[in-house]
Amino acid sequence: MKLFEHEVKEIFRANGIAVPPGRVVSDPAGAVVAYEWLHVPSVVIKSQVLVGGRGKAGGIRFAASAGEAAEVTRNLMGFNIKGEIVKSVLVEPRLDISKELYLGITWDRSARAPVIVASASGGINIEDVAHENPEAIKKIHVDPDLGFEPFVGRELAAKVGIPREHSQIFAEITGHMYALFVRYDAELVESNPLALTGDGKLIAADARLNILDDALFRQKEFGAKASDRLSELPPLERKAKQLGVQYVELDGSVGIIGNGAGLTMATLDLVKYYGGEPANFLDAGGGSSEESFLRALGVLAENPKVKLIFVNILAGITRCDDVAKAIVKAKTELGLNKPLVIRLAGTNESEGRKILSENGMSAYSAMEEAAKEAVRVARAGEASA
Amino acid sequence: MAILIDERTKVLVQGITGREGGFHAQQMIAYGTKVVAGVTPGKGGTLFGGSVPVFDTVEEAVNATGANASVIFVPAPFAKDAALESIEADLPLTVVITEHIPTYDAWRFISHARRKGKRVIGPNCPGLISPGRSKVGIMPGSVFERGVVGVVSRSGTLTYEIAYQLTKAGLGQSTVIGIGGDPIIGTGFVDALEMFNKDRVTRAVVLIGEIGGNDEEMAADYILKEVRKPVVAYIAGSTAPPGKRMGHAGAIVSGSEGTVAAKAESFKAAGVQVAVTPDEVPRLVASSLKKTSA
């Protein structure tokens, strides 16, 4: 679960990491109050959205008077940033930044440990820096026995080339950030930029903290927020999430249901390989039951972009007869009338096939054959449309 | 031989009295796995399925039965505790099936196992099977057959798919390992390749990867340096849009890192044959086995 910048800054502020003073507002009048409260000539007004790249998309603007702050806020409210609508903005003093640094902590798969990443080239997409100028990125892995000790922060400061007068505070910020990483079960804690200001302070000008969804059971203060955040998702993805199936919407017309993430991914790839365009990724789950399949079919039945549904099941724990029953129910009870291409193999395959044939349907046994047929049906549908 | 598990593996099931643990304990027994004990705190002294003794602690179970592998089905909030208990009881192999374990918890028990020189597989994995000998985990026994192909995979059902296609093509498997799709896992591709490389039964290896991270690239490096057996790879996720999570936590493409194309390039440079579709895997394995035996 991603937190909004202003929420993360509250957490930073309460945990020893300096952030600019700021107010979250959602209308021009609020922006005027914030401007006057800040009592500075120039402010930055930042759209509060969860997607990255809002600066490039025009979601961060400046204002030099109360009237301008109101005007900018009016323009930003309701602004669409990569599909996400701006519902609030954060008003802060415009900082006098002399240097932009990067500091972040995340999990390193290959080292199997948390990694603290820092760079003197902050303020821009850190993945671009990593790509174009990898030497500019310094990393330290956290030792599982030691955890974080202050010397780790000092070492990092030295590697990055933080000026000596700031290295102590940089090390402290690193330690505070690691404490938050652990306490909040974070996937990522980051400040980009961590700003060195003209008057010699280190301030988290931007702040991100993503909490691992799997840890929400013990991050109770965020549990309620997590369900609110569902409203940020596209409607069908939200519905799928509520139903407990894995769903990602794509641009094509071939609806796809598989069991298990890997097999579903491979099914999408195969449809694409044979010239079709997947409409979605929908994993009904490795051990899915009749009910979960019915729910999965329901999600796709509602999507108008889906011209046909390709069901690809290799049943291990899942049973083919449960899948077949769900398909029959989807037709009779949900009124599913999109064309279906079905592949069934594995546990209880013959029982599943029998149920399908009693209801005038049939199934392929090889996924490649089924994928070719799904693409053919999709194309025929487009040609006749 | 096979790797990690065989006829002599004595399995204890942590969480045997739970719904998942109970179901899969029965499936394992039906497959022929020697399930010698169960552990559920507070249920010690009872029998599971009329024959498998249940203990309160792993230590008691090991002392009484000589178990040498544990498979964990306990719910995510308690999984770290269960895994540490197994590692501390000096079990050489701990297989963590449980999904949704917080990454921090996985890091704690995986780093502890490394320090103690014990092997962890998973978490969030389907376990492993040495067909015809033993299975530890949740893989459906029916799609596998005993043979000479080692399989290592980040996925569950895709592994079954490819094993099913191998089996249909008459290519049995030595051991099939699902290493799990989480960001922090106990056994990676390189660990599995190292074991398959040494195993006398295994004559070819199939590696099933997916988008995200750089595990496949590291595997390619290792293969180039160390592995002389033929390796065939399949990588899922070429249609995945950047930044979106495709089911597995690790399966996210960011920038150009982690793409199928980048991984396929690394594999090809290491002499690994890359299958574009799943049904190409058995064809490539069959032809590479022919070449090595000629």
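K.L.:
Summarise the sheet that holds strand E1 (residues 23-25) of chain A; cite the residues concerned and give the values.
P.N.:
Residue and element names in this part refer to chain A. The strand order E1-E6-E2-E3 describes an open sheet built from four strands, whose pairing is antiparallel. Across the chains shown, the open sheet's two edge strands, defined by having one partner strand only, are E1 and strand E3 (60-63). For this sheet, the mean inter-axis angle between neighbouring strands, taken without regard to orientation, is 30 degrees. Its contacts with the sheet place helix H2 (residues 28-38) against E1, strand E2 (43-47), E3 and strand E6 (89-93), and it is angled at close to 165 degrees to E1. The sheet strands contacting helix H3 (residues 66-76) are E1, E2, E3 and E6, and the helix crosses E3 at an angle near 160 degrees.

K.L.:
A description of the sheet that holds strand E5 (residues 69-72) of chain B should follow, citing residues and the corresponding values.
P.N.:
All names here are of chain B. Here seven strands make up an open sheet; going across it, the order is E3-E4-E2-E1-E5-E6-E7 and the pairing mixed. Edge positions in the open sheet fall to strand E3 (47-48) and strand E7 (119-121), since each of these has one partner strand only. Sheet topology places E3 next to strand E4 (residues 52-55); two bridges connect them, and they run antiparallel. Opposite Phe48, over in E4, you have Val52 as the bridge partner.

K.L.:
Which residues make up the nonpolar core, and what are the values?
P.N.:
Here is a general trend for soluble globular proteins: nonpolar side chains tend to be buried in one another's company. Residues Phe267 and Val285 of chain B are the most contacted members of the largest nonpolar core, which totals 97 residues. Examining the composition of this core, we find that seven residues originate from one element, helix H9 (residues 261-273) of chain A, more than from any other. Discounting residues that sit within four places of it in the chain, Val285 of chain B has contacts with Val149, Leu166, Leu171, Ala204, Val206 and Val232 of chain B. The next biggest cluster of nonpolar side chains, apart from the first, holds 57 residues, and it includes Met1, Leu101 and Met177 of chain A together with Phe109 of chain B.

K.L.:
So what's going on with the domain arrangement of chain A? Residues and values would help.
P.N.:
Considered domain by domain, chain A is made up of domain 1 (1-20 + 97-232), domain 2 (21-94) and domain 3 (234-384). Taking the mean C-alpha position of each, domain 1 of chain A and domain 3 of chain A sit 41 Å from one another.

K.L.:
Can you explain the interface of chain A and chain B? Please cite residues and give values.
P.N.:
The interface is formed by 52 residues belonging to chain A together with 59 residues belonging to chain B. Taken together, both faces of the contact between chain A and chain B bury some 4,400 Å²; the carbon and sulfur share is 59%. On the chain A side of the interface with chain B, the three residues burying the most area are Trp107, Arg109 and Arg112 of chain A, jointly 21% of the side's total. On the surface where chain A and chain B come into contact, there are five salt bridges. Arg115 of chain B is the salt-bridge partner of Asp145 of chain A, the closest N and O atoms lying 2.1 Å from each other. For the interface between chain A and chain B, the tally reads 16 residue pairs in polar contact (both at pLDDT 80 or more).

Parameters at a glance
- Residues numbered from 1 in each chain as written.
- Chains lettered and ligands numbered in written order.
- Predicted model: local features only at pLDDT ≥ 70, side-chain atom pairs only at ≥ 80, totals over all residues.
- Heavy atoms only, no water.
- Pairing = 2+ DSSP bridges.
- Helix = DSSP H or I, 4+ residues; strand = E, 2+ residues; numbered from the N terminus.
- Axes fitted to C-alpha atoms, helices over the stretch in contact; angles between N-to-C directions.
- Contact = heavy atoms within 4.5 Å.
- Core = buried A, V, L, I, M, F, W, Y, C linked by side-chain atoms within 4.5 Å.
- Buried < 20%, exposed > 50% of the residue type's maximum accessible area, 1.4 Å probe, protein only.
- Domains from an automatic or database assignment.
- Buried area = accessible area lost by both parts, 1.4 Å probe.
- Salt bridge = Lys/Arg side-chain N within 4 Å of Asp/Glu carboxyl O.
- Polar contact = N/O pair within 3.5 Å; in protein donor to acceptor, adjacent residues only side chain to side chain.

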